[in-house]
Amino acid sequence: MVPMQYYLLVSTFMMFVGVFGFFTRRNLLTILISVELVLNAVDINFAVFNRYLYPEHLEGMFFSVFSIGLSAVEAAVAIAIIIVVYRNLENIRVTGLNKLKD
Amino acid sequence: MNYSQILLMRPELSLIALIVFYLLYDLIAGEKGRKYFHLVVSLGLVAHIAYNLCPTGAVSISEGMYLSSPIIGIVKTILTFGTLIVVMQSDLWLKREDTVIRRGEFYVITLFTLLGMFYMVSSGHFLLFFIGLEMASVPMSCLVAFNKYNHESVEAAAKYVLSALFSSGLMMFGISFIYGLNGSLYFNDLLQTITASPAQIMALVFFTAGLGFKLSLVPFHLWTADVYEGAPTNVTGYLSVVSKGAVAFVTLTILLKVFVPLLGEWQQMMWWMIVASITIANLFAIRQKNIKRFFAFSSISQAGYIMLAAICATPVAMTSLVYYVIVYMVANLAVFGIISVVEQRSNGKVGISDYDGFYQTNPKLAFVMTIALFSLAGIPPFAGFFSKIFVFWAAFKAGFWVLVFIALLNTILSLYYYLLIVKAMYITPNDNPITHFKSDGYTRVSLVLCLIGVLVLGIVSSVFGILNAYSFGL
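Residues numbered from 1 in each chain as written. Chains lettered and ligands numbered in written order. Predicted model: local features only at pLDDT ≥ 70, side-chain atom pairs only at ≥ 80, totals over all residues. Heavy atoms only, no water.

Peer 1: Sorry, what's going on with the overall build of chain B here?
Peer 2: Scanning chain B from N- to C-terminus turns up 21 helices and two strands. Its C-alpha atoms give chain B a radius of gyration of 21 Å, near enough to 23 Å, the size a compact globule of 474 residues would have. With respect to the three principal axes, the spread of C-alpha positions in chain B is 65 × 55 × 45 Å. In chain B, of all internal contacts separated by at least 6 residues, the share reaching a separation of at least 24 is 80%. Counting every atom, chain B has about 16500 Å² of accessible surface; 70% of that belongs to carbon and sulfur. Side-chain charges of chain B comprise 26 positive and 20 negative groups, with the mean position of each set lying 6 Å from the other. (Helix = DSSP H or I, 4+ residues; strand = E, 2+ residues; numbered from the N terminus. Rg over C-alpha atoms; globule rule 2.2 N^0.38 Å. Contact = heavy atoms within 4.5 Å. Areas by Shrake-Rupley, 256 points an atom, 1.4 Å probe, with all protein chains shown as cover. Lys, Arg positive; Asp, Glu negative; His and termini not counted. Charge placed at Lys NZ, Arg CZ, Asp CG, Glu CD.)

Peer 1: Looking at this structure, I do not really get the packing of aromatic side chains. What am I missing?
Peer 2: Two aromatic rings are characterised by how far apart their centres lie and by the angle between their planes. Residues and elements named next belong to chain B. Per the counting criterion, the structure on display carries 46 aromatic pairs over all chains. Geometrically, the ring pair formed by F126 and F207 is edge-to-face, given 5.5 Å between the ring centres and 80 degrees between the ring planes. Here F126 is found in helix α7 (residues 126-144), whereas its partner F207 is found in helix α10 (residues 198-215), with 81 residues between them in sequence. For F126, a relative accessible area of 0% corresponds to the buried category. Relative accessible area serves as the criterion here: at 1%, F207 is assigned to the buried category. Residues Y323 and F464 carry aromatic rings whose centres are separated by 5.5 Å and whose planes lie at 90 degrees to one another, so their mutual orientation is edge-to-face. You can see Y323 sitting in helix α15 (residues 315-345) and its partner F464 sitting in helix α21 (residues 462-471), a full 141 residues away along the chain. An aromatic cluster is built from F21, Y22, Y25, F37, W93, F106, Y107 and F146, whose rings are joined through pairwise contacts. In this structure, R10 is placed above the aromatic ring of Y51, and the distance from its NZ or CZ to the ring centre is 4.4 Å. A cation over an aromatic ring shows up here: K388 above the ring of Y305, its NZ or CZ 4.7 Å from the ring centre. (Phe/Tyr/Trp six-rings, centres within 6.5 Å; stacked < 30°, edge-to-face > 60°. Buried < 20%, exposed > 50% of the residue type's maximum accessible area, 1.4 Å probe, protein only. Lys NZ or Arg CZ within 6 Å of the ring centre and 35° of its normal.)

Peer 1: What's the story with empty space enclosed by the protein in this structure? I'm lost.
Peer 2: All names here are of chain B. Within this structure, the stated rule accounts for seven cavities of 30 Å³ or more. Looking at the largest cavity, its volume works out to about 150 Å³. If you go around the largest cavity, you meet 16 residues; those closest to its centre are S137, Y160, K214, S243 and V247. Here the residues of the lining of the largest cavity sort into eleven nonpolar, four polar and one charged. (1 Å grid on protein atoms, 1.4 Å probe; cavity = no way out; pocket = protein on both sides within 12 Å on 5 of 7 lines; lining within 4 Å. Points joined across faces, edges and corners; volume = space filled by probe spheres on them. Nonpolar A, V, L, I, M, F, W, Y, C, P; charged D, E, K, R; others polar.)

Peer 1: Would you take a moment to explain the pattern of salt bridges for this structure?
Peer 2: All names here are of chain B. Scanning all chains against the criterion turns up nine salt bridges over all chains. One salt bridge connects D26 with R34, and the closest N-O pair in it is separated by 3.8 Å. A residue is classified by how much of its surface remains accessible, and D26, at 22% relative accessible area, is partly exposed. Residue R34 is classed as partly exposed on the basis of its relative accessible area of 27%. R293 serves as the salt-bridge partner of D226, at 3.1 Å between the closest nitrogen and oxygen. (Salt bridge = Lys/Arg side-chain N within 4 Å of Asp/Glu carboxyl O.)

Below is the structure:
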């Protein structure tokens, strides 16, 4: 069996790729994709911890299932808002979102 | 599992009934019925408050996943009261041409966020806590985008939804490590297994980062000013008071129930966050030109004061936190009610300089605003003074006297910038002030309620006593 640490390495890598993408991308959709990477890293974590450390309960799996559902909801709302941004700006680059500042 | 247990969730069930009723009302009631929609919603919320006013005893459903105690019931009532005030103040805005057909959505979405906060407040398991938090923050981004033809509103919504998603990702990462290290997510089980090992501290840091985003404490506050400025004014009021109050209460309960062995680390972390929030927000507030942005920074510093109660983790601190939230709620909602009615009646004037000479044309509103600002700043006869005293006293007794001293210095600073608005309204001359107008009935009632709160809550000392009697159960 693959040791647990390898899974955790993958999930941590995904998490920080997501964080990096969140701060550096300039397009709203790629930012959303980066955030989804963070959420998926968390799902992997839960599944792995459950499978390797506490196989007698399914609490971690339940959390993963709920968090997949919730990230779908979040993606739906975020894309709806991105569409409204597109209607107002005719593009979805973050450089257009510069009206609100000091 | 015994399904009749679900009937014990009284506040949630009655709120769900209200939501379903309003959804159907929006569908079925014709043009004529929808004229009374606002009245129906306000009365429904009043009925909801009345139905849940008596705090119920301790309730625990499905092995402690859902917990309720008298103080949690009180907090839910307070949140409903705040929502009622916000809904009442939104009447003028919802009668506008572009929003009038979507007014049903506003009520339903608002009540859904309130439902999420209810579940979050009475969660006994991280899953329920997380679902409640998402239920409170995802529909909130729809509310922020409610003026969808307006660039500012949409921009604020994009910023809000992405930072809310990111912060909940961070928080979930922390929760996943808590699960991996302890093998359970029930608050009761966690209390026995949590230790101050480095991995647990890392989990706590991620978790606190997520909460800090929701509370807009300083290293995580960057979204606050933009979102508060761009969102519709009533939604800003809702965000700054109801949502923040719920998260602040949850932060303290989770600290008391789960992270007890990590109290030292938590306090050190919060110490720096509080000092940064209060000081930086106060300094930034001074240079703002837009009144909504100004109150965004004011609310960041008020969140710092609220966390001053959460840092000590004692029952008295719990009481002072709830008391602070009530007092902050009435004062801040009075301010936002006035900003909202001025914005609607004067074609969107939200600059601080627009308020020059406001007293000459609208003396009553200027007077209410002044009292609310005095309460926010903590000037003696008003409630804000007493709430600040209780918070400082709780922190002082827990030994944080340097922190209390810094907070006191910042109170003086905050007095300066709150008085800038008072000065603008009473003293600064203006050739072309906001013209005299009549505010609508709902706004008047809500402002009177807030004014009574500001004047009475501080002087009637039994309020604090009642809260204190209940908060020991936690």
